[in-house]
Each structure stands twice: as structure tokens, then as C-alpha cells.
Amino acid sequence: MDIEIEDIALGLSRLARWNGQTHGEHGYSVAQHSILVTELVATNSPDMPVQCLLAGLLHDGPEFVTSDLVTPFKKAVGKGYIELEARMAAAIHTAFGLPAVMPNDWQEAVDGADRLAAFLEAIHLAGFSEIEARRLFGWRKSIPIIEIDPWSSAIAREKFLAVFLDLKSGGHHCRKRWESPRRSASGR
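These numbers come from a predicted model, not from an experiment.

Draft legend 1. Quick peek at the overall build of the chain. Helix and strand counts for the chain come out as 10 helices and 0 strands. Reading the chain from its N terminus to its C terminus gives the helix and strand order α-α-α-α-α-α-α-α-α-α. Relative to the globule expectation of 16 Å for 188 residues, the C-alpha radius of gyration of the chain, 16 Å, shows essentially globular dimensions. Principal-axis analysis of the C-alpha atoms places the extent of the chain at approximately 45 × 40 × 35 Å. Each of the 188 residues in the chain was classed as buried or not, and the buried ones make up 46%. Within the chain, counting contacts between residues at least 6 apart in sequence, those at least 24 apart form 70% of the total.

Draft legend 2. How the structure looks around the packing of aromatic side chains. This structure, assessed with the given rule, holds 4 aromatic pairs. Here F119 and W139 contribute two aromatic rings whose centre-to-centre distance is 5.5 Å and whose plane-to-plane angle is 25 degrees, an arrangement assigned as stacked. Taken as a pair, F119 in helix α7 (residues 104-124) and W139 in the loop between α8 (130-137) and α9 (153-168) lie far apart in primary sequence, 20 residues in all. Neither F119 nor W139 differs from the other in exposure class; each is buried. Aromatic ring contacts, followed pair by pair, group F119, F137 and W139 into a single cluster.

Draft legend 3. Region of interest: the environment of I8. Note that I8 resides in helix α1 (residues 5-13). Relative accessible area serves as the criterion here: at 0%, I8 is assigned to the buried category. Sequence separation of I8 and Q107 is 99 residues, and the distance between their C-alpha atoms is 20 Å. Not counting chain neighbours up to four residues away, the residues in contact with I8 comprise I3, G61, F64, I92, F96 and F160.

Draft legend 4. Region of interest: α7. The end-to-end C-alpha distance of α7 is 30 Å, a good match for the 30 Å that 21 residues give at a rise of 1.5 Å each. Here α7 has its buried residues at W106, A109, V110, A113, L116, A117, A118, F119, L120, E121 and A122. Those residues of α7 hidden inside the fold are in contact with α2 (30-44), α3 (50-57) and α8.

Cut-offs and rules
- Residues numbered from 1 in each chain as written.
- Predicted model: local features only at pLDDT ≥ 70, side-chain atom pairs only at ≥ 80, totals over all residues.
- Heavy atoms only, no water.
- Helix = DSSP H or I, 4+ residues; strand = E, 2+ residues; numbered from the N terminus.
- Rg over C-alpha atoms; globule rule 2.2 N^0.38 Å.
- Buried < 20%, exposed > 50% of the residue type's maximum accessible area, 1.4 Å probe, protein only.
- Contact = heavy atoms within 4.5 Å.
- Phe/Tyr/Trp six-rings, centres within 6.5 Å; stacked < 30°, edge-to-face > 60°.
- Expected span 1.5 Å × (residues − 1).

Next up, the structure:
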């Protein structure tokens with residue numbers, strides 16, 4: 001399968017999370033979500049290798065082909081859809097020099113960051129109250145100080161590609177920016 005990062009960036013930048021039902025002038029894209037997840041991995045698990053951060057950026061990569069189905073629908077569609085996503089993820093990882101299947105510690109770091117991102121998006125973008133979001137996502141810690149303003153698809157694409165290129169070359173710019181004390185992604 002011919003997989004190009006430009007196709008992934010374009011597709012994810014035009015794909016809205018939360019079925020497009022978010023606050024803001026622009027829909028909140030899967031590309032922007034992917035960057036947030038990557039930043040949360042870097043912030044909450046600073047010892048993870050740059051390859052784990054790249055896996056975080058690409059964690060929803062299959063959606064450039066399969067689209068973004070909300071989790072309850074993915075489960076309702078069933079095993080076939082989940083298997084297709086897993087095969088696509090393995091192909092994307094392989095195309096960009098990552099293990100087809102992530103090591104367990106990488107998977108745990110990315111999954112945790114993905115859940116935290118969804119919790120934050122629910123409150124900041126999707127109109128959930130803090131109580132509703134805590135119940136739905138099981139979040140018991142303090143809420144990290146963060147602002148999420150949806151970007152246009154052009155900006156989301158550009159930033160997604162910039163993060164990808166930085167991570168492929170060692171991640172020095174991203175890590176330096178994400179170490180900034182401007183916010184605490186872990187809520188500690």
C-alpha cells in the first residue's frame with residue numbers, strides 16, 4: 001500500500017472529531033487532536049523515545065481512509081472494522097519506520113494521552129460539563145490547564161506535517177516547546 005504523510009495530513013486535517021459538533025469557527029480536526037495526543041505523551045511520559053511520540057502522532061492515522069467513527073459506533077460496527085483499523089495502523093507504522101505493533105509501554109502512554117485528550121475536548125469543545133466528562137471518561141485527577149482552539153484545516157495540515165518532520169528528525173523542536181512551563185498536561 002502506498003502511504004504518504006501528505007495524504008494522511010490532508011485527510012486528518014479535513015476530518016472533524018466529535019462528528020463536527022464542537023464549539024468554534026472551525027471543526028476540531030483529527031490532525032489537531034493527534035498533535036494534542038503527542039504533546040500529552042511527551043509531557044506525561046518524558047522518557048518515551050521519539051518513536052513513541054511519532055506513534056502518538058499517527059495513532060489515528062488509519063482514519064485518513066476509514067474516517068473518524070465515534071467509539072460506540074466502532075464497537076457496533078464490530079470486529080471487522082477494528083481489524084481493518086489495526087491492519088491500517090500496522091501498515092502506517094511500517095511505512096514510517098515504526099514497529100507494526102507498538103510495545104506495551106508505548107501503547108499505554110498513547111492510550112492514556114488519547115483518553116485525556118478526549119476528556120479535555122469534551123469539556124472545552126463538545127459542551128460537556130466537567131461532571132459529565134468525569135463520569136464518561138473516568139477522570140479523577142485535576143483538570144490540566146489547557147486551551148483548545150480549533151484550527152482551520154490548512155493550519156492543522158501544516159502543523160501536523162511540521163510535527164511529523166520534527167519527530168522524524170529527532171523531535172528536538174517539539175520536545176523543547178512541550179517542556180515549556182506554560183501548562184501542565186498531566187494535571188499535577
